[in-house]
Amino acid sequence: MKLWTGRFSKEIDKKTNDFNSSIPFDSRMYKEDITGSMAHATMLGATGINSKEDTDKILNGLQGILDDIESGKLTIDPEAEDIHTFVEGELTSRIGDAGKRLHTSRSRNDQVALDDRLVIKTECDKLIPKLEELITILCKMAKEYSHAIMPGYTHLQRAQPIVFGHHLMAYVEMFLRDISRLNDAKARMMSQCPLGSGALAGTTYPIDRNMTAKALGFDGPCMNSLDGVSDRDFFIEFASALSLISVHLSRFAEEIIMWCSWEFKFVELDDAFSTGSSIMPQKKNPDIAELVRGKSGRVFGDLTTLLTMMKGLPLAYDKDMQEDKEAIFDAFDTVNMCLTAFNPMVETMTVKTENMRHAAASGFINATDCADYLVGKGLPFRDAYKCTGELVALCIKEGLTLETLPLEKYQAVCDLFDDGVYEAINLERCVSQRTCIGAPAPENVEKRADEVLGMLKK
């Protein structure tokens, strides 16, 4: 039976009911729905709105439903309108009229607003450990490869020497921000409890909203009943955080895809995280990384769905908002699945340090250090920059590198050069001298990796 029977003289059309039903996707909130109902029932009993006898029956009945669902003894009815209808109907069938008293002073509007917050808190708590796992993997790899010279890039052109560990730690910083965003979003979604807002205007019953808010882990009740039932900022904020995680995973995946190519050959993925071709026997494709990159668009689409859904809605609740759950669940499931595949893929990949070093040696990425050497001799930087540019052009013309260019050629461009230039442009020295905070000196990489690992342990 529908929760809204009484006003209507006939059953809803079957096809319309299927269109209206949300049970296929909100059934995953069964635990949060029952948890919220138990807190509500406890409050109704404590305030005397329901008798102790009815309260005990309701609480025992709800616990029994939860236990039976989780054990597989009870299957959620796919024909139910939504999870709220199913739980209340099942409760009433088990305990009789007392079950009909559960919904006193409550609407499905504040009920679903509560369930939404509780389920997203649960999903946040599932996602953060996977990000911490990825960060741990990257920190350990960064320490292992803190001395592995590679070219750093701008515009996808070789730019300056760095170490592979420093490159990995850049993603660590991104994923740390992602965790921070998830924690911020979780704190806001659990700051105000919507239960007690009713359909939109609260209730005339003497309910204790502080009691239910505290029982469910909120800081307190929301302060406006209209906002309480119509707010979905927490969904949008969570989807935004998921979108940024997807951006970072996609950027990392893009680099891994490039690094796997024969043109780079900086890394090789383990066979367990690669696929082949049906026609080309030699192929080893980075399909997992490509899927992670591709699925980012799906997450962005879910965020756009939520923003578009909410942008024109008048207060308070509108049925449009039923679309929120499919979008947010899809966004979470997609990111969660990506991390599940991405983490072991990164952990098991083989790093080709010799190829990285070779690429660094052949790209004139120590040109800035050559210019800085002249600055140390007293030449203004702009003049030193011009001299070094002439040397690079000369090397390209003669098929040489700055390391192999004879000293007389250096001195023909600028008489301040001496044998010390070769030490100044040594790649290992170029990197090791970059010791300012955030720079790629090996000692910096190792120190920051240890700091982050220590933070995670705490």
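Everything numeric here is computed off the predicted structure, so don't read it as measured data.

(A) How the structure looks around the environment of Asp-418. Here Asp-418 shows up in the loop between α16 (407-413) and α17 (420-424). Since its relative accessible area comes to 31%, Asp-418 is described here as partly exposed. Through-space distance from the C-alpha of Asp-418 to that of Glu-408 is 9.1 Å; in sequence the pair is 10 residues apart. At 2.8 Å, the side chain of Asp-418 and the side chain of Lys-377 are in polar contact.

(B) The arrangement of the packing of aromatic side chains in detail. Scanning the model with the defined rule gives 11 aromatic pairs in all. Ring geometry for Phe-164 against Trp-259: centres 5.5 Å apart, planes inclined by 70 degrees, an arrangement best described as edge-to-face. On the criterion of sequence distance, the pair formed by Phe-164 in helix α7 (residues 164-189) and Trp-259 in helix α10 (residues 233-260) is long-range, its members being 95 residues apart. Residue class for Phe-164 comes out buried when judged on its relative accessible area of 0%.

(C) Quick peek at helix α3 (residues 30-46). Taking 1.5 Å of rise per residue, the 17 residues of α3 would be expected to cover 24 Å, and the 24 Å separating its terminal C-alpha atoms lies within 8% of that figure. A large share of α3 lies buried, amounting to 12 of its 17 residues. Among all positions of α3, only Tyr-30, Glu-32, Asp-33, Ile-34, Gly-36, Ser-37, Met-38, Ala-39, His-40, Ala-41, Met-43 and Leu-44 are buried. Buried positions along α3 lie against α2 (23-26), α4 (52-71), α5 (83-95), α6 (108-144) and α8 (209-215). Gly-48 sits one or two residues past α3 and shows a positive phi near 80 degrees.

(D) Local environment of the nonpolar core. Judged by nonpolar contacts, the single largest core of 92 residues is most densely connected at Phe-164, Phe-252, Ile-256, Phe-342 and Val-346. Those residues in contact with Phe-252 that sit more than four places away from it in its chain are Leu-138, Leu-168, Tyr-171, Phe-175, Trp-259, Phe-342 and Val-346. If you look at the next biggest cluster of nonpolar residues, it comprises 22 residues, including Phe-364, Tyr-373, Val-392 and Leu-407.

(E) Structural context of a nonpolar patch on the surface. On the surface, Leu-200, Leu-226 and Leu-315 cluster together into a nonpolar patch covering about 270 Å² of accessible area. Mapped onto the elements of the fold, Leu-315 is located in the loop between α11 (287-310) and α12 (323-348). By relative accessible area, which is 63% here, Leu-315 ends up exposed.

(F) Expanded view of unusual backbone geometry. Following Leu-315, the chain continues into Ala-316 via a peptide bond in cis, with omega recorded as 10 degrees. Mapped onto the elements of the fold, Ala-316 is located in the loop between α11 and α12. Positioned with a positive phi, His-155 is a non-glycine residue whose angle comes to about 55 degrees. If you trace the backbone, His-155 turns up in the loop between β1 (149-154) and β2 (157-163). At Lys-265, a position not held by glycine, the phi torsion is positive, near 55 degrees. As for its placement among the helices and strands, Lys-265 is situated in the loop between α10 and β5 (267-268). Residue Lys-265 is classed as buried on the basis of its relative accessible area, which comes to 19%.

Calculation rules
- Residues numbered from 1 in each chain as written.
- Predicted model: local features only at pLDDT ≥ 70, side-chain atom pairs only at ≥ 80, totals over all residues.
- Heavy atoms only, no water.
- Helix = DSSP H or I, 4+ residues; strand = E, 2+ residues; numbered from the N terminus.
- Buried < 20%, exposed > 50% of the residue type's maximum accessible area, 1.4 Å probe, protein only.
- Polar contact = N/O pair within 3.5 Å; in protein donor to acceptor, adjacent residues only side chain to side chain.
- Phe/Tyr/Trp six-rings, centres within 6.5 Å; stacked < 30°, edge-to-face > 60°.
- Expected span 1.5 Å × (residues − 1).
- Contact = heavy atoms within 4.5 Å.
- Core = buried A, V, L, I, M, F, W, Y, C linked by side-chain atoms within 4.5 Å.
- Patch = residues over 30% accessible without salt bridge, like charges linked within 9 Å, V, L, I, M, F, W, Y side chains within 5 Å.
- Areas by Shrake-Rupley, 256 points an atom, 1.4 Å probe, with all protein chains shown as cover.
- Salt bridge = Lys/Arg side-chain N within 4 Å of Asp/Glu carboxyl O.

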